[in-house]
Amino acid sequence: MRTNRKLTRLDRVFARLDREPERPAHIDVPKMSRHRVVLFAATLAFYGAIVWAVVITSWLVRLDWQVMFFRPYQQWSEIHAFVDYYVVLGQRGPTAVMVSAWLGWRSWRQHTLRPLLALGVSLLLLNITVGAAKIGMGRLGPHYATSIGSNEMWLGGDIFPSGHTANAVVTWGILAYLASTPRARRWLSALSAVTSLGVGLSTVYLGTHWLSDVLLGWAAGLLILLALPWFEPLIARAEAGIFGLRDRLRERRADAVAAPPAGPVTAPVLLKPRSAPADDEVAACEAAPAARSARAIVHPPAYLAPGPHTARAERMPVTPAGSRRPPHPDRGTRGAAPTARPLRGG
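Residues numbered from 1 in each chain as written. Predicted model: local features only at pLDDT ≥ 70, side-chain atom pairs only at ≥ 80, totals over all residues. Heavy atoms only, no water.

Draft legend 1. Geometry of the layout of surface pockets. If you add up the space inside the largest pocket, you get close to 600 Å³. Arg36, Ser189, Leu222, Leu225 and Leu226 are, among the 23 residues lining the largest pocket, the residues nearest its centre. Those elements giving two or more residues to the lining of the largest pocket turn out to be α2 (34–55), α8 (163–177), α9 (182–206) and α10 (211–227). By residue class, the composition of the lining of the largest pocket is 13 nonpolar, 7 polar and 3 charged. (1 Å grid on protein atoms, 1.4 Å probe; cavity = no way out; pocket = protein on both sides within 12 Å on 5 of 7 lines; lining within 4 Å. Points joined across faces, edges and corners; volume = space filled by probe spheres on them. Helix = DSSP H or I, 4+ residues; strand = E, 2+ residues; numbered from the N terminus. Nonpolar A, V, L, I, M, F, W, Y, C, P; charged D, E, K, R; others polar.)

Right, dumping it as structure tokens:
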């Protein structure tokens, strides 16, 4: 009897996705237009200008030191507790969890893995580009500065550009990048810009970053968002590969359930046609009952113990009837008066 297979959690997820359209028609994939290419080139030039201004210890470095000596966390100490919580919006772990939860729900509703894959590609690019810049330039932060007025470059630090700021630009800006309507894209772009701006200024307020670190972090995050359309073909191929793997696993599982169990292979048995018996075989068959009856007469039937299926009343008696006590000449019957025994003389 064939029973229905118990669905796993992954099967229920994909079954829920199958009820939704493959991809809504009103969602278009951003392309690398001429306008976006111009913005990418301008942001890249701004990125290079900030790095050059810090390397040559220009007015930007002097501004960094002036802001540090101003000590904003002491000037406006009443907002210190709020800034400590607000700066969490730029940390990698909490922001990735919040944004991936929202994009995972969108993937569920729209039957597409593009939102989650786009977030994964953007975070991977962020780790590679910002991490390489931090290690390559090795700038020390304000709390670890060694010489007043110096740029603190190539001293083994990892503060330039600001990772909090770049992460805030990417993780909150990806929501605007994946928006389904132009109006939602405009509102989300403004919201992500304000959020990332606040995160960058919060790091300057707390004294963990120079002002130039924040400027370079904004540029680094914006470069990643502007370059994402170049990776859309890769995202599409990855999505098709994941869904193809899912379909193949489903087919294998269905084949395994539908296929009958394989038993041991035995050699076929050849059946011969039945022929008429010979005369000697007929004679042997007729002589067998007579021999059986003769054996029954000569040898008495052996007693077989009754099986468990027979009733007790039908069982043959095992012990003989009557008393088991041996006869004795002086023993009388039960209930009779005792007789006097003769006395033996001496």
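Further notes follow.
Draft legend 2. Seen up close, the packing of aromatic side chains. The final tally for this structure, using the stated rule, is 6 aromatic pairs. Here the aromatic rings of Trp65 and Trp210 are separated by 5.1 Å at their centres, their planes lie at 55°, and the arrangement is tilted. Here Trp65, found in helix α3 (residues 59–70), pairs with Trp210, found in the loop between α9 and α10; they are 145 residues apart in sequence, far enough to count as distant. The pair Trp65 / Trp210 is uniform in exposure class, with both members buried. The interplanar angle of 25° and the centroid separation of 5.7 Å between the aromatic rings of Trp102 and Trp105 together place this pair among those described as stacked. (Phe/Tyr/Trp six-rings, centres within 6.5 Å; stacked < 30°, edge-to-face > 60°. Buried < 20%, exposed > 50% of the residue type's maximum accessible area, 1.4 Å probe, protein only.)

Draft legend 3. Molecular detail of the environment of Val37. If you trace the backbone, Val37 turns up in helix α2. Under the relative-accessibility criterion, Val37 is labelled partly exposed at 37%. Sequence-wise, Val37 and Leu226 are 189 residues apart; in three dimensions their C-alpha atoms are separated by 7.9 Å.

Draft legend 4. Seen up close, the packing of helix α6 (residues 92–110) against α8. Relative orientation of the contacting elements α6 and α8 amounts to 10°, with a least axis distance of 10 Å. By the criterion of interaxial angle, the relationship of α6 to α8 is roughly parallel. Only Asn167, Thr171, Trp172, Ile174 and Leu175 of α8 make contact with α6, whose side of the interface consists of Arg92, Thr95, Met98, Val99, Trp102 and Leu103. Here the residues of the contact of α6 with α8 are counted per class, giving 7 nonpolar, 3 polar and 1 charged. (Axes fitted to C-alpha atoms, helices over the stretch in contact; angles between N-to-C directions. Parallel < 35°, antiparallel > 145°, perpendicular 65-115°, else oblique. Contact = heavy atoms within 4.5 Å.)

Draft legend 5. Layout of the UniProt feature "transmembrane region" (unreviewed entry) in the chain. When the UniProt feature table is mapped onto this chain, "transmembrane region" (unreviewed entry) is found at residues 37–61, 81–104, 116–137, 159–180, 187–208 and 214–231. Counting secondary structure, residues 159–180 comes out at 68% helix and 0% strand; the distance between its end C-alpha atoms is 36 Å. (UniProt positions renumbered as here; feature names shortened; annotations may be inferred.)

Draft legend 6. Region of the structure containing the packing of α8 against α9. With their axes 8 Å apart at the nearest point, α8 and α9 run at an angle of 170° to one another. It follows that α8 is roughly antiparallel to α9 by the angle criterion. When α8 is examined against α9, the residues His164, Thr165, Ala168, Val169, Trp172, Gly173, Leu175, Ala176 and Tyr177 are found in contact with a partner set consisting of Arg185, Leu188, Ser189, Ser192, Thr195, Ser196, Val199, Gly200 and Thr203. Of the residues that constitute the contact of α8 with α9, the class distribution is 8 nonpolar, 9 polar and 1 charged.

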